Structures are given as structure tokens and as C-alpha cells.
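Each chain, written out:
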There are 4 protein chains.
Amino acid sequence: MDTNELIKLRREFRQIAEVGWLEIQTTIKIIEYLKSLGYKVRYGKDIHSKNRLGVPPKEEYENYLKNIQLPNVDFDISEIKEGYTGCVAYMESKNPGPNIGMRVDIDALPLIESKDEDHLPTKLGFASKNEGFTHACGHDGHITIGLGVAKYIAENIDNLKGTYTLIFQPAEEGVRGASSMTEAGVVDHIDYLMGAHIGMNEKNGVLGVGTQNFLATAKYDVEFKGKMTHAAAAPELGKNALLGAASCALNLHTLPQFGKGMARLNVGVLNAGTGRNVVAANAKMLLEVRGDTSENAKLIEEKMKKVVEGSAMQYDLEYSMTKMGEAAAFNTKHPEFTDMIADEMKKRGFEIDLRPSLGASEDVSFMLKRVEENGGKCIHYLFGTQLSAPHHNEKFDYKEDVLDFGVKAFIETIDIFNKL
Amino acid sequence: MDTNELIKLRREFRQIAEVGWLEIQTTIKIIEYLKSLGYKVRYGKDIHSKNRLGVPPKEEYENYLKNIQLPNVDFDISEIKEGYTGCVAYMESKNPGPNIGMRVDIDALPLIESKDEDHLPTKLGFASKNEGFTHACGHDGHITIGLGVAKYIAENIDNLKGTYTLIFQPAEEGVRGASSMTEAGVVDHIDYLMGAHIGMNEKNGVLGVGTQNFLATAKYDVEFKGKMTHAAAAPELGKNALLGAASCALNLHTLPQFGKGMARLNVGVLNAGTGRNVVAANAKMLLEVRGDTSENAKLIEEKMKKVVEGSAMQYDLEYSMTKMGEAAAFNTKHPEFTDMIADEMKKRGFEIDLRPSLGASEDVSFMLKRVEENGGKCIHYLFGTQLSAPHHNEKFDYKEDVLDFGVKAFIETIDIFNKL
Amino acid sequence: MDTNELIKLRREFRQIAEVGWLEIQTTIKIIEYLKSLGYKVRYGKDIHSKNRLGVPPKEEYENYLKNIQLPNVDFDISEIKEGYTGCVAYMESKNPGPNIGMRVDIDALPLIESKDEDHLPTKLGFASKNEGFTHACGHDGHITIGLGVAKYIAENIDNLKGTYTLIFQPAEEGVRGASSMTEAGVVDHIDYLMGAHIGMNEKNGVLGVGTQNFLATAKYDVEFKGKMTHAAAAPELGKNALLGAASCALNLHTLPQFGKGMARLNVGVLNAGTGRNVVAANAKMLLEVRGDTSENAKLIEEKMKKVVEGSAMQYDLEYSMTKMGEAAAFNTKHPEFTDMIADEMKKRGFEIDLRPSLGASEDVSFMLKRVEENGGKCIHYLFGTQLSAPHHNEKFDYKEDVLDFGVKAFIETIDIFNKL
Amino acid sequence: MDTNELIKLRREFRQIAEVGWLEIQTTIKIIEYLKSLGYKVRYGKDIHSKNRLGVPPKEEYENYLKNIQLPNVDFDISEIKEGYTGCVAYMESKNPGPNIGMRVDIDALPLIESKDEDHLPTKLGFASKNEGFTHACGHDGHITIGLGVAKYIAENIDNLKGTYTLIFQPAEEGVRGASSMTEAGVVDHIDYLMGAHIGMNEKNGVLGVGTQNFLATAKYDVEFKGKMTHAAAAPELGKNALLGAASCALNLHTLPQFGKGMARLNVGVLNAGTGRNVVAANAKMLLEVRGDTSENAKLIEEKMKKVVEGSAMQYDLEYSMTKMGEAAAFNTKHPEFTDMIADEMKKRGFEIDLRPSLGASEDVSFMLKRVEENGGKCIHYLFGTQLSAPHHNEKFDYKEDVLDFGVKAFIETIDIFNKL
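Note that the coordinates shown come from a computational prediction; the quantities given were computed from them, not determined experimentally. (Residues numbered from 1 in each chain as written. Chains lettered and ligands numbered in written order. Predicted model: local features only at pLDDT ≥ 70, side-chain atom pairs only at ≥ 80, totals over all residues. Heavy atoms only, no water.)

Undergrad: Could you clarify how one ought to interpret the interface of chain C and chain A in this entry?
TA: A common measure of how large an interface is: the accessible area buried when the components associate. On the chain A side, the residues contacting the 25 residues of chain C number 25 residues. In total, about 2000 Å² of surface goes out of reach between chain C and chain A, with carbon and sulfur atoms giving 54% of it. Counting the surface chain C buries against chain A, the share from its top three residues, E236(C), M313(C) and Q314(C), is 32%. Taken together, chain C and chain A are joined by two salt bridges. In this structure, D316(C) and K306(A) form a salt bridge, with 3.5 Å as the shortest nitrogen-oxygen distance. Applying the counting criterion to the chain C and chain A interface returns 20 residue pairs in polar contact (both at pLDDT 80 or more). Among the elements of the structure, α8 (241-252) and α9 (294-314) of chain C are those that each provide at least two residues to the side of chain C that touches chain A. Here the side of chain C that touches chain A takes nine residues from α9(C), the largest share from any one element. (Contact = heavy atoms within 4.5 Å. Buried area = accessible area lost by both parts, 1.4 Å probe. Salt bridge = Lys/Arg side-chain N within 4 Å of Asp/Glu carboxyl O. Polar contact = N/O pair within 3.5 Å; in protein donor to acceptor, adjacent residues only side chain to side chain. Helix = DSSP H or I, 4+ residues; strand = E, 2+ residues; numbered from the N terminus.)

Undergrad: Got a minute to help me understand the interface of chain C and chain D in this structure?
TA: Opposite the 54 residues of chain C that make contact, chain D presents 52 residues. Buried surface at the junction of chain C and chain D, summed over both partners, amounts to about 4500 Å²; 60% is from carbon and sulfur atoms. The tally of links between chain C and chain D comes to two salt bridges. In this structure, D221(D) engages R276(C) in a salt bridge whose closest nitrogen and oxygen atoms are separated by 2.9 Å. Put simply, chain C and chain D have 22 residue pairs in polar contact (both at pLDDT 80 or more) between them. For the side of chain C that touches chain D, the element with the highest residue contribution is strand β9 (residues 263-272) of chain C, accounting for eight residues. Across the side of chain C that touches chain D, the residue classes tally to 29 nonpolar, 16 polar and nine charged. Sheet topology places β9(C) next to strand β9 (residues 263-272) of chain D; three bridges connect them, and they run antiparallel. In the sheet register, A272(C) faces β9(D), and the bridge partner there is L270(D). (Nonpolar A, V, L, I, M, F, W, Y, C, P; charged D, E, K, R; others polar. Pairing = 2+ DSSP bridges.)

Undergrad: Teacher, can you tell me more about the pattern of salt bridges here?
TA: Two side chains carrying opposite charge are able to pair once their charged atoms lie near each other. Per the counting criterion, the structure on display carries 128 salt bridges over all chains. With its nearest N and O atoms 2.6 Å apart, the salt bridge here joins K29(B) to E12(B). Linking K29(B) in helix α2 (residues 24-36) with E12(B) in helix α1 (residues 3-15), this pair joins segments that are 17 residues apart in sequence. The partner of D415(C) in a salt bridge is R348(C), with the nearest N and O atoms 2.7 Å apart. With D415(C) in helix α12 (residues 401-419) and R348(C) in the loop between α10 (335-347) and β12 (351-354), the pair connects residues that are 67 residues apart, well separated along the chain. Taking the relative accessible area as the measure of exposure, D415(C) reaches 24% and is therefore partly exposed. (Buried < 20%, exposed > 50% of the residue type's maximum accessible area, 1.4 Å probe, protein only.)

Next up, the structure:
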């Protein structure tokens, strides 16, 4: 795919940014493109387990569907509209060879993209048109690179060996989509799996090879329920869920000092109360914990639960904790495979950063782990590029030449796999 | 008006519960009724000042108007649809006499009404159909009593003296509507003004006469603005508005211990953050302060501002404070008038509670104060009734015989005014 | 007693300010004075119950005794040195009449008295010499007034009727001494009991008669126990009692907004931790709750306990709560007796403030209640004077003419009792 | 030195545990021992700069000196009694060679040593007799190892080359002593400096060689000053320093999540308030920040200052921040020297852990840095041993065979230096 097409595609996807399990327009557009290239495409319930985590409530779907206009397509999108988003594309060459897989993620974040003129997507008019949703983690680039690779494979299938499985995974944010697809078996046949993330502190133009330090994480929704009362006339009769949540948020954030390795905790959203002069009877928090090892993740999760329970007790509140997402810690079992890939890529002209540290969670870890458990091999890349703002910031953007770079890196890796 | 009609009316208004400045259906229904009785009715910009406090944003109107169905009426409702809600009805008798006024309030609260079967309005099917809005303070009763009195006046106008001004005030919750109408001059001609509230801890069947201890209050919206960042990869680059707000809410609630008199503070709503794995860059709190005197209200307001500023500084946040509503402290200058009314009402068979304490804010205080400043006289009642739950609770309800009681109390008071 | 002697005495007592149960020098000096006037004086275990609340630990006595120099006296002070402080003086006239009692309190506060030159006791050299203890509530004046009255009685015993019981009560701060003496029976024979407090917002030169609104209170020591660890090397292995206490203190202070009546809560002292680089394993808080009724006091006490328990749970801490003091709410059962006293005192030239509100706790309430329960009558006064700073402030002082005023008020009251 | 003498010495030092700048008995005992071996010993102001950080107030010295009994010695201890603790011992061989230095630290922690029978020092009777001070970081072992090495050098001086400088540094806890001695020039002549710490997560019996990751740190005392008032009668007139400090402590502990590298923050001590029923007018906190790089340490220090300032503003308090100690980050400039030492020590039978991570602060970093800046070389060891509880815990203890191990490691290192 030439650079212009990559940029055009990327900007289209950015404008229809959609959050996890709601990537309805995004999925349809990807499927259309893949079908036009000749791929066999599976999607809907066929590629998901029954236990998807963190699915938004039904009303959110209904409201969302009211606000968007879906294209007329010649395939059945009813399951996609229910949140079974993402797809898996298959193409088989006539030459025997390994089962090669690629995984990219496709969802956006629930942020309002910056409307400042110094934000390039806004200035050039390709910022999100889907108010409230923004590709602030670069998955618009991931989709585009994935489609660029797909086009290359389709155009060169006669010269390639083996089979090709291209996974467009939904709901990576919140680490929800990979476990569902993995449980549904979409990587079970794969011999070589490749994945990547753009940015993530990798230097511009550098290829991180064999990303390590995928953090274990667990995502929770916490709800407190107290008792409403008139805040002036009878405040003592209430049970203040807003204060319970405020105490909880503050005390939770004191937890993640760890001596061995590291842990993280974030209360990213807190909503409490219904009226200014009413003692708030309800509060909801969206939080996450992480650890560089599953032990640390588990320890901070236990500490977190005590703070939640204690905060509820302070204000005599009922409470609930619901797990909304989860990712495993991952470090490859085959460092020598990483070294080999690094050597080969270096020979092919890439500047290499060996084993960069992710220092974050990415649920591709579930797929990487499963492939290694089944006897396969994996490689995860970072595509270094210059960022305009940190990941998850409303002004996040990247240099578009990373699209070419990423497509080339995957193509060369396919070539390496073809020659093994 | 007979009891059955009062109950029927009240239940209709409860089902279309609407919050302050959005009482569009409610206002139209009131105007229709008043016009049918022969009143001259003023409404829209005609009865409001330019400086309405706490008006919701335009999108909220547009969204709300999408969700409701307005009746066809033969008067212009365009300004009502813009939030100039409420109305003032006029009727003149042929007999010379004083300008007599009555004020009731018409708005609901932003609560979801209980769906439990032990909640009578739910059981009998007259709970709010307007999801998210509930008459949890009894203003549905106030409207109904007001219309009952209106019907009595219309039917008896030939035997009455003077003129009648019936004020149906919007946006009492948040203490926003009275200052707007008062500034527009709607009470400037009134010689005798009467107002009332049902419930408020008054004993069932008892008439509170000369309500005192109206609390001064100020309502503020507070916003914090920080800096987003990925919560795991670079948390130290963020500025956490959620934690700033949590610290603010907790520390604010430590303020209202006052030795002389009393003060109140409530953070009723706190919303912060956009995503679970993003350091929250924004937070908004809806709060109020109160005092039994304007001195105490002012002192706690000053302390409040320091906590807000300090909380912002803790997390290096920008912040803003916007005043959204305001009510004055009020105690009548004419206690002897109160005593006279109490004596008369006792003679007419009412069980009296003299000078009950409100212990809350009610922006009728602006109108009462203005009438006294202009040389007029005022009386404020509590209509005692048994409540099913505290005011502002999702299960708030009252015994419907208070409707008759309230209409009768106002009618007898009109009779007293006619005989002065 | 002439004014100069009163002032001299008061300044002496101020310099030896001693806190509750440690009023050793103070008690000895009072006993000496009373004995010199001819009183029979009881003291030590004889006037206390076994269950004294809030007694300091033994080491505190031993340390304190090391730092002070006790006079040689001809009575046994061994029990006084163990903390059985205070005394009761008796004198009987030859004329039949009622048993008349007077109660004053004698303890100071654990504050460092201001060393500023604008603080009169410092400027004139009669500030506390007992570093760390200060008569910042005026009990130095109470002792002095009590001794002034004692001198009057002794000098006029032939012309007086009945018997006289003068109670010099220890440990009023922390509301510990009165319950102990009351349980030991020291007021059981009394027909008329009088008590008083100087200052307390009463206007200068005015006599508050029939003080009402004695707040119920409970005093607690709360301890948290966690787990120490190196704060940098292994913070996650600790259990942080300092943060548990900080969360507890903040959340406790959000409790006392009450719609009916009022409640108070104060965490006055918080000590936590042993080293800067150690996660704190222990914390101790001294707190109190109050209510204008025993119901409100009980409700805030229950809420307090939940916050303590919840804070411990947040950080996985052990905790204990120990009751250290207690006072009852009190309002007289005999308002007509108050009215009579007020009328009589007015005739004798006093400017009267009838039924002033205390709005604080004073454990004289235990004695007042007991006397009324036994069929006796009580009167409690406020002696209005101008204060240099609020009670319990390091610069608290008062105009010394209140000493004369107080003595005169008690003498006139004795005269009223003699004439009943 | 034989094992029994090492154990005997160590137990003696443990019983006289003394905190930083108060190691008076400890210093005297060390000097006596060194002098008996023939060393020339410098001490007092001679080995310290004028700007010692974190020196306790004068009264603390005076009180402490009252409680201990000093031995009669034939050298002048007056400066030691003023807090110029620690010493430097010198011995010169007759054979030309390098200037070899060893540094050990000698202070204890302000903890009460566990009195449980399962705590070996308590069971065997060698726990701290200096109530409130405990060798909970193993410096009793460091002193002992240092004296063991001193004895070896003294006994073998004829066979050794060069000169020997043995530094017994005070006040390592709080990172105060090293900067003072370094500024006084005590390491300026040294060619090879060796230092060590026992425990610190190093495996039992293993020698950590070339400790890295010394954390930069800064220690602060923070004071808040508010306004006292009676907590029930006039709480609104106070300015609550206790709540300001509680808010500060909680919010401070939310800071140390860092994406690149790491940061630490601990509020180890919080003392606030003077009386239960007084709004607290003062609060003091002892805190520290750390970072693995000076950038991170500086960033968290800046964030810390904002929280302190903001907390003061919340409650309208005055505040001060005083720097009490400081240590640099350190990683050697000569990794090849580390490798060489590791190889040599391996040959001599030690099980090696190369470049263990300290993950804490140790102000030996100042001396190591200075020696390298002057062109010298350094080696820092961890002496692995089994701990009974984490460092800084009241039950901290270690296996005493680490004493032999440490002496042997230093002796072998001296041998390596002699052969360079």
C-alpha cells in the first residue's frame, strides 16, 4: 500500500474513533476492506467467548446506534451491532508453510479530542467526529498498518508460504477483547504470531524487538450505595456515598509503593451524587491495579479490596466490586528467538532496540502466552515514533511515517518466517 | 376544587416531574389550567430578569425537548422552551381591596424515583414517568394547592375584594427562580403575600404559622482542570483532578462546625475523569453552603473557597468557582402580624405551631423580604403531613389529604386579608 | 476577701497550672488555705470512686513529681500524689438551715502559655511556670472565687444558717472528675448546689443565671496498630497506621452536621510513627464527641465508631477505643427556681442574662443532675467578663474584676438560700 | 578476632543502641577499642563540617545525657557530648602502598525493640537497654565488623602495605553524617574505599558485589501553625493544623507513582495537637522523598512542596519546611573494577551476586562519589544474611555468622588492594 493510501485510511479511522465493544463502524469498514482483498473473514459470536468482560450496558448500544449512520453492506452485521466487534481474516497460499498470525487492536478511548488549532488532527480536519471518543493510543495506526500488511499479503500470496491469520481485536483498552478471542480459539493454530504497538516511548524510527515487561492488570468497577437525605434539614439521617468514594479514592492512591518490582493503581473515573442539596446516596468508581509480576498485581489487588471495604464501613455504605477486565504479565520463554529476529531485522536495515520495556498492560499478552503454551513462537515490536503528547492525552498524535515503517517491519518479519 | 380533582391533578404533575428551568410541560399545563379559569397569565421573558442563575446548558434543553412530547396549545411557548418557565396569573375583583399574592414553586429534583413496590406512587402507577426527575420535595402538591386556590378565587371573585396575583415559580431547588422573578418586579405591587411548604417536619395535620429560620445559602459549581496521562506508563506526568476533587470534598465537609448559630455544607455531586487507565484531567463538583445568618453563611463561604484553592494547589490544578444560586436568610420584621394570623387561623379550627423553624433554604425568602421592604406584610406556612421518607429521598411521598388542608389554609387566609 | 488578695491568689494558682488528676501542688495549696480558715477538709481516696476515667499512666506521675517541688505540710499527701486530687471542705453553722453546696473546678489545660509580650500574664510575670500546662479556661479564677467564698463563710459563720460544703473538683477538662466525686457521694446530702463558669461568651459584667444547654459528651482514646517496615526498601510489607489515623481524623470531622439540635466532634491530638524512614506502625488519637441531647451524642458516637473501624480496615490495622471521660446533657427540671433566683439577683443589683446557653460540656452536670434527682435544687451561673482570646487558646485571659464579681454573686446566692 | 568476641561485642553495642548524633556511648566505646589496638583516632569537630543536617535540639542532648552513665576515659569527650559523634582511625604500615579506606555506620533507629520472647535479642537478654532506640538496621553488626577488621589490620600491620583509614560514621539514618564527614575531608586522601551493608534482601551467605541503585533522597521536617479554639464552643474560630496535616499526609502518599524509574515518599511521623477539646493549632511531620535518579528525586520533591503548600491553604495555616538530611544517587563509574573484585572474591570462595540493587538510600554514596571524583576506586558490598523481620522493624535481627563473613570479606578485599 502506498503512503498516501495509508495516511488516507488512518485519517478515516481516526474520525470514526469508537471505544471497546462499540467499534461497530470501525469493524464494518475493516471487514469491507478485507473482503475486497479476497480474504475470508470471520466475525461476530463466531470469534468470541461467552464471557466477554466489561461489556457496556444495552442502553449504551442503543443510544450509540441512534447517533451513527451505518453503511449498506452485503454481510450480516446484527451481531456486530450487539458488540461482538472485531474480525479475523484468513488467506492461504498454495505453498506449504507455517501458520503465520498478526494481531492488531482497533478501539479508541473515551476522551474528547483536543479542539486546539495546535493539535494537527484538528487543524487538518481529521480529528474524531465521534464526540467523546478519540484514538489517543494510536490504534487507528494499528488498524491501518494491519490493512497495509493485509494488502501486501493478498497481492503477494502466490509467492508466500503457509497460511495467514490477521486478527483485528476489539476492546484492548480495558484489556477485555483478547481474553474473549483467545478463549474462542482464534490463535490456537498459529505457529508464529506477531504483534506491535506504536509509540510507547520508543525512539523515533527505532524498532523495539521483543517487548518485555507486560504488566499484569485487573480492572474493577466499584459501587457504593448509601442513603439520600436533605443536606440541610436532616444531614445526619443520610449515608454519604460521595464522601465514602472520596475517602476510597484518596486512600487507594497511597497503596502502590512496592519495594520489589512495581505496582500501579488508578481511579480513573469517579461519579457520585444526584443533586447539590442531597446527601449523595450513590457513587461509582472505575479503577485498575497493575503489577510487573502476577504476585505484585495480586498483592495490590488485595490491598485495594481492603480500602474499598473500609471506606464503605466508614460511612455505613453497601458496596460492590465487579471485575471488568484483566491482562496477564508476559515475558517470552524464547529469548533466543527474539535475538534471532533482532539480528535479522538489523540486517534488513532497521535500527534495533532490544527488549524494550512496555511498563504497561496490553492484552495481546493473552495471545502471546497461548501461542507459546501451544509450542509456537512470538514476536512483539514497538514502532518508535515522535508523539505530540503522552498516550491517553487528548492531544495524542504521531508522525504518520510510522505507518510505512510498521507495514515494512511486519512484511520483513513475514519474510523471515517464510525462510525459517 | 374537590378532593378527587386535587388528587388527580397532583398525580398528573408528579408523573411529568421536571427540574428547575426545564419545567416546560409543567408550565404549559399550569397555564392551560389557569387560562381555562379565566386568569390573565404572564410568562416567558416577561416575568424574568436577564440574570437567571444556574441555567442548564443549551444542549440539555435540546436533548430534553427531544425526549418529551408537547401538547398543542393556543399560546406561544417558544420562550418557555428556552427555560423561561413558571408563570404569574392575575385576576381582579370588582370590589376595592388589597393586592393579595400567593407564591408556590413547581420544580422537581434530579433523582430517580424509587421503583420499589412499597413506594406508593410506584405501586399506584403515578410515579415520575420522566426518568431521572422526581417530585421528592412535594412541589407537585404545591402546584396542585396553588391551582386549587386559583379555582376558588375564580369561582368566588364576585365576593372577594382587591386583586389576586398567583405566582408559580420555577427553579426553587438550587434557589434560582425567586431572585429572577423578584428582580423582574412580580411582587412589587403586592400588599399581602402568602407562601407555604408541605412537610418539613411539621406534625401531621398541624399548621405552622410564620415559618422562621430561613437559611442563607449560596450554590457553587467548582471545576478542576489538570493534565491527562497514561496511568501506568507515565503517571508522574499527569495532574490528577480526581484526587484534587476527592481531597476537596473530604476537607470541605470538615468545615461546618459553628459555635454561634449553625452552618451547612454539602458536596452533592462529584464527577471526575474520563477513562479507567487515564489520570483524570477534569473534575466537577456541585456544592452549597448555608448559614442561619448571613454572617455564618459568609464565613463558611470564605472557608470553602480556601479549601477549593488549596486542593487545586495540592495537585497543581487550575480551578473555577461559579455561583449557581442564592437565597437570603429571612425572619419577618412583623412578628405581631404573624401572631394575629395565628390567632385568626386558630379560631378557624386549625391546630397551630407558632413560628416553626425551617432549618433549610427556600428562595421565597427573596419575595418575602421584598414585600416587607416595600411596606407589605407576609405570612409563610408549613402544612404538616406524614412523610414516607425524608425530603429529597427517592421514596419521598406524603398523605394526599394535605392538598385539601393547604387549599383551605390559603382560602381562609385570603378571607382574613379581605377582612383587614 | 479584698480584691488584692483575690488577684494575688489567682496569679499564684495560674503559675502552678496543673492538668487533670495531676493538680497536686494546686490541691495541697487549696487544702492549706481551707484548713487555715478552720474548715474540715476531706481529700484523697475518701472523695473519689474507684472508677476514675482518663487517669494518666503511672510514669507520667513519676516524671511529673520529679519536676516539681512539694511544700512541707502537716497532712498526708500520699494519695494526692497518686492522682486523687481535689478536696471537699465542710463548715457547719450553729443555726439550723439547709445543706448548701458550691462546686468549683481546679484543673488547667495541656497548652504552652503564650510567651508574647502582648499576653498580660506573660508581661506581668504571672503566666504558667509549669511549662506545658496553662489555665486557659479560667479555672484559676474558679479556685480563687471558691476560696474567696470560703473565707466569707468562715468569717460569717455565726450569722449563717445550715451547713456548707465546698467542692474543689479536679479533672473537669476531659470531664473526668465530677463523675468520680458524684459516685463517691459528695453531693448526696446537699439541698442547694451552686456552680459557675467565668467567660463562656457572657457579656462583661453580666450574670448569666440558670445556664442551659450543657452538652452531653464522650471522650475517647483511639489507637491503631499496624506493621513497621523500611519505607523505601519494602514499603508494601508495612501496614501504615499513620495513614489510617489521617484518614480517620479527616473522615471523622465530616460527621457533625445534624438537622435537629447539634453535634460536635474533635480530634484534638494525633500522634503517629517513630521514624522518618519507617512505615508507621502505631498511631494514637484523642477525640471527643458531643451532642445537645443524649440522643444526638449517642448517634454521633455510633457514627464515630464506624469511621474508626473502617479506617482500620482500610490499612489492615488493629485498633482499640477507650472511653476516657463523659458528661451528661443537663437542663434543669425547675425553671421556676431559676426565675426566682434571677429576680432576687436582679434586686441585688446584678444585670441578668436569663438561661444563657453553654453550648459546651461541663461535668458539673453530673452533680447538678444528682442533686435534682435527690430532690434538691441547683443554680448555675455564668460570670460575664471580657476575654483576651477564646477559651482554650494559649492567650486566654480575663479581666480580674470578675473575681470580686463571682465572689459577690455566690455570697448573695447564699443569702438567698438562707432566706428561703 | 574470633567469633565469640565478635558476638560479644555486637551484643554490647546492641544494648546501648543510640540514634544519629546521639551515639555518645557508642562512639566512646569504639574509640576506646581502637585506641587499645594502637590506632590514632580523630573525632569531634575535627572530622565534621559546620553544616551538620538534622541535629536534634539542645534539650534532647541534655535530657539524654541525664539518662545515661558515661565511663571514665582518658580522652576529651566534650565535643562528642555535643553531638560530634563518630570517629576516624588511622594506621600506617611500613610498606609503601595505597591509601585504603573502610567506612561503617554506627547509629540506631528511634524504635522500641520488641519485648516478645520470640525475638531472640529479647530472649537472650541483649536487646536494647536504651528504651526507644533500637539497632533495627544492623549497624551494631557494622560497628562490630569494622572493629574486627581493625583488629586484623593492627595485628597484621607489618605484612600489609599502605595506610589504613577506618571511618565510623554517625547519623546514617536520616542520611546526615556522611555529607558532614565528606565535607570535612575525611575521604580526600583515599585511593580505595570499601563499604557494606548487611541484609538488604541479599541471600544468606551470598556476597553482593558492587551494590548499585543507591537512591537519592531528601528529608524534610514540615510544620503547620494554625489557631487554637475551644472545639465545642467556638470551633469556627480555629484553624485546624491537625486536619491540615492529615490532608497533607494522605495526599502526599498519592504522589510516588513514576513511569520511568521510581520514586518514594514516606511521612514517618506526624504529631499534632495539645488537647482533646482544643482545635489543634500545631502539627509536625517528618517525611522523606527518594528517587532512583536525581531527576526523579527532584520531581517528587517539587510535587511534595505543592501538596504541603496546598494543605496549609486548605485550613488557612502557616507552614515551614526544613531540610534535615540528604543523600545522592550513586552508580559507579568503574564497572570493570567491580567485575575484577567480583572475580577475585569468587576465587577466594565467596558466592557472588553481581551488582545487587540497593533500592534504598545510604549516605555512603557521598563518600563513594567523592573518592571516584578524586580519581580513586570504590567497592560496596551486601553481606547476605537471614533476617528475622524487615529492616526498621521492631523485631529486626540477623544471623550472627554474618559478622565473621563480613570481616572475612573486608580482609580479603584488603588483600586484593595490597596486590594491585
